[in-house]
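Below, each chain spelled out in residue letters.
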Amino acid sequence: MADSRVVYLDNAATTPVRPEVVEEMIPYFTENYGNPSGIYRTAAKAKQAVAQARQTIASTINAKPECIYFTAGGSESDNWALKGIAESLASVGKHIITTKIEHHAILNTCSYLEKQGFDITYLDVNENGLVNPDVIERTIRPDTILISVMLANNEIGTIQPVEQIGKIAREAGVLFHTDAVQAYTQIPIDVQAMNIDLMSTSGHKINGPKGIGFLYIREGVKIHSFIHGGAQERKRRAGTENVPGIIGMAKAAQMAADDMEERTARERKLRDYMIERILKEIPYTRLNGDAVKRLPGNANFSFQFVEGESLLIMLDMDGICASGGSACASGSLDPSHVLLALGLPDDIARGSLRLTLGAQTTREDIDYAIERIKANVGRIRSMSPEYECFTSHR
Ligand SMILES: *Cc1c(COP(=O)(O)O)cnc(C)c1O
């Protein structure tokens, strides 16, 4: 900890807000603070700006502005999509299809719905984290009302064949929701071409503010309102609009859409360089997730004979922000449900490290991270009796 260098490689957890985004938001705190429902000029400006933001965002996914509903983020969007459709279609059927590797905003909403009498099928994934669309097709029943499969996974970065799943759902007359929180502005999304009926996103994963996101709801989809109150968001999500948040989200989305090709090409190159070096220079290491169908900024490794938590603490002392394969947020060291769903044994899942790059990541950051990971993995292994035993018997 000689210097106070910070290398932020946890962009799947959250991202820094772009300065241009902050700048765009400020007037909506200080001058145009009026409630968009008001009839005076400062309110009209806020109202107009929200309408413009809705349009900007809609254009990034080939949607109509009326189909964009602002929410408080990814978790709320996921909750609304699942509970709203479940309530709205309960008389039609009570079967929902999802996967074992969804974010907890989906999985815990599903277990809530199970307690309400819904029947949820949690599909397996293959060793790279991919869902098989044929299995989805075979799982659809007459009482299936919704399929929810994430576009890209937050831990391993695997990108699902969403276009195919959307087509299967549409042909079967079943609604299709996708959690696109990680994928939005990282890969091109076209809700028409992909047959997406509902889609969740979040501002703070795209260099925008926290506490804002949106749910895309295709025209004609019947869904119960999520928050009851005023007439905001076409009477489906009450509450005075988070105007600065909405303005910030739109600015972040626009900037990220504009530079997507160039930014993701850069990230992909840096990431592949890191993956190649880590796999080559650190023995008994594996890459988790699909090598090709993968978010541009995601790398997830398992180091044999390494306790992930120890590695994270050492990296933190070196100024490196990363995350691991256990649900440390909940205070437990249970291995992640995603890594277990890939079929990894407990100890390998526990020895995993997620590094997620962002727009601000540099080659120097990556070189420094590789060097520290190598050194720390070496130190942990040198103290491991299992490692010593393993290497002395070869
Ligand atoms: C971060 C994340 C969420 C939750 O979004 P919040 O805006 O933090 O509520 C949901 N799904 C995925 C895949 C995520 O990565």
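Counting of residues starts from 1 at the beginning of each chain's written sequence and follows it residue by residue. Residue-level local features of this predicted model are given only where pLDDT is at least 70; pairs of side-chain atoms are given and counted only at 80 or more, and the full residue set underlies all totals for whole chains, interfaces and linings. For the side-chain quantities, the full set of heavy atoms in the structure was used; hydrogens and water were omitted.

You'll find the protein entered in an unreviewed UniProt entry as Cysteine desulfurase IscS, with [Bacteroides] pectinophilus ATCC 43243 given as the organism. UniProt positions are given in the numbering used here, feature names are shortened, and annotations may be inferred rather than shown by experiment. Database annotation for the protein, UniProt heading Subcellular location (unreviewed entry): "Cytoplasm". Heading Catalytic activity (unreviewed entry) of the UniProt record for the protein holds this comment: "(sulfur carrier)-H + L-cysteine = (sulfur carrier)-SH + L-alanine".

## Some thoughts on unusual backbone geometry
A positive phi angle is found at K235, which is not glycine, with a value near 65°. Here K235 lies in the loop between strand 8 (213-217) and helix 8 (243-258). Buried means the residue's accessible area, taken with a 1.4 Å probe over protein chains only, is under 20% of the maximum for its type, while exposed means over 50%, and partly exposed covers the values in between. On the basis of relative accessible area, K235 is assigned to the exposed category, the value being 60%. Positioned with a positive phi, Y284 is a non-glycine residue whose angle comes to about 55°. Numbering goes from the N terminus for both helices and strands, where a helix is a DSSP run of H or I of at least four residues and a strand is a run of E of at least two. With respect to the helices, strands and loops of the structure, Y284 is situated in the loop between helix 9 (260-281) and strand 9 (285-287).

## Some remarks on the nonpolar core
Membership of the largest hydrophobic core comes to 62 residues, with the highest contact counts inside it found for I61, I147, I189 and Y216. Listing elements by their share of this core, those giving two or more residues are helix 1 (19-25), helix 3 (41-60), strand 2 (68-71), helix 7 (162-172), strand 8, helix 8, helix 11 (337-341) and helix 12 (346-350). For this core, the element with the most residues is helix 8, which contributes 8 residues. Dropping the residues within four chain positions of it, Y216 is found in contact with I61, A63, C67, I68, V191, Q192, I196, D197, L198 and M199. Within the second largest apolar cluster, 28 residues are counted, among which are L9, L353, I366 and V377. We define a nonpolar core as any set of buried Ala, Val, Leu, Ile, Met, Phe, Trp, Tyr and Cys residues linked to one another through side-chain atoms lying within 4.5 Å. Contact between two residues is taken to exist if any of their heavy atoms lie within 4.5 Å; hydrogens are not considered.

## A look at the pattern of salt bridges
A pairing counts as a salt bridge when a side-chain nitrogen of Lys or Arg comes within 4 Å of a carboxyl oxygen of Asp or Glu. Enumeration according to the criterion identifies 21 salt bridges in this entry. One salt bridge in this structure joins R18 and D259, with 3.1 Å as the shortest N-O distance. Linking R18 in the loop between strand 1 (7-8) and helix 1 with D259 in the loop between helix 8 and helix 9, this pair joins segments that are 241 residues apart in sequence. Looking at R18, the relative accessible area reads 12%, which means it is buried. E281 serves as the salt-bridge partner of K374, at 2.8 Å between the closest nitrogen and oxygen. Separated by 93 residues along the polypeptide, K374 in helix 13 (residues 363-382) and E281 in helix 9 bring together distant segments of the chain.

## A look at the sheet that holds strand 10 (residues 298-303)
Strand pairing requires that DSSP identify at least two bridges connecting the strands. The strand order 9-10-13-12 describes an open sheet built from 4 strands, whose pairing is antiparallel. Edge positions in the open sheet fall to strand 9 and strand 12 (323-324), since each of these has one partner strand only. On the sheet, helix 9 packs against strand 9, strand 10 and strand 13 (352-356) and is oriented at approximately 10° with respect to strand 10. Between N-to-C directions, angles cover 0 to 180 degrees, with each direction set by a line fitted to C-alpha atoms, over the stretch in contact for helices. Contacts from helix 10 (residues 308-317) reach strand 10, strand 12 and strand 13 within the one sheet, and its direction differs from that of strand 13 by about 40°.

## Thoughts on the domain arrangement of the protein
Those domain boundaries reflect an automatic or database domain assignment. Here the domain parsing of the protein yields domain 1 (7-15 + 260-392) and domain 2 (19-258). The distance between the C-alpha centroids of domain 1 and domain 2 comes to 29 Å. Taken residue by residue, the interface counts 25 residues in domain 1 and 34 residues in domain 2. Roughly 2,400 Å² of surface becomes buried between domain 1 and domain 2 when both sides are summed, with 50% attributable to carbon and sulfur atoms. Buried area, as used here, totals the accessible surface that two parts lose on assembly, with accessibility defined by a 1.4 Å probe and the loss added over both. Sorting the residues of domain 1 by area buried against domain 2 places M260, L295 and H337 first, and these three jointly supply 26% of that buried surface. Run the count over domain 1 and domain 2 and you get 0 salt bridges. Here a polar contact is taken to be a pair of N or O atoms separated by no more than 3.5 Å, where protein atoms must pair a possible hydrogen donor with a possible acceptor and residues adjacent in sequence count only if both atoms sit in side chains. The interface formed by domain 1 and domain 2 holds 19 residue pairs in polar contact (both at pLDDT 80 or more) in total. Looking at the side of domain 1 that touches domain 2, the elements with two or more residues in it are helix 9, strand 10 and helix 11.

## Some words on the UniProt feature "modified residue: N6-(pyridoxal phosphate)lysine" (unreviewed entry) in the protein
UniProt records the feature "modified residue: N6-(pyridoxal phosphate)lysine" (unreviewed entry) at K205, using the numbering of this structure. Beyond its immediate chain neighbours, meaning those up to four positions away, K205 contacts A12, A13, T15, V181 and Q182.

## Focus: empty space enclosed by the protein
A water-sized probe rolled over the atoms picks out the places where empty space is left. Note on definitions: the grid is 1 Å and covers protein atoms alone; a cavity is a set of points where a 1.4 Å probe fits but cannot get out; a pocket is an open set with protein on both sides within 12 Å along at least five of seven lines; lining residues have an atom within 4 Å of a point. Grid points are joined across faces, edges and corners, and a volume is the space filled by probe spheres set on the points. Scanning all chains against the criterion turns up 2 cavities of 30 Å³ or more. Within this model, the largest cavity holds a volume of roughly 230 Å³. N11, Q186, K205, E267 and L357 are the residues nearest the centre of the largest cavity, which is lined by 23 residues in total. Side-chain classes are defined by residue name, with Ala, Val, Leu, Ile, Met, Phe, Trp, Tyr, Cys and Pro counting as nonpolar, Asp, Glu, Lys and Arg as charged, and the others, Gly among them, as polar. In terms of residue class, the lining of the largest cavity is built from 9 nonpolar, 10 polar and 4 charged. Viewed by domain, the lining of the largest cavity spans two of them, domain 1 (7-15 + 260-392) and domain 2 (19-258), each represented by three or more residues.

## Remarks on the site of the ligand
The cutoff for a nearby residue is simple: one of its non-hydrogen atoms must lie within 4 Å of the molecule or strand. In the vicinity of the ligand there are 13 residues, among which S75, D179, Q182, S202 and K205 approach most closely. Between an oxygen atom of the ligand and a side-chain N or O atom of S75, the distance comes to 2.7 Å. The separation between a nitrogen atom of the ligand and a polar side-chain atom of D179 is 2.7 Å. For the ligand, the protein covers 87% of the area, taking 380 Å² as the surface of the free molecule. Considering only residue class, the shell around the ligand consists of 2 nonpolar, 8 polar and 3 charged. Note on areas: Shrake-Rupley, 1.4 Å probe, and residue coverage restricted to the protein chains presented here.

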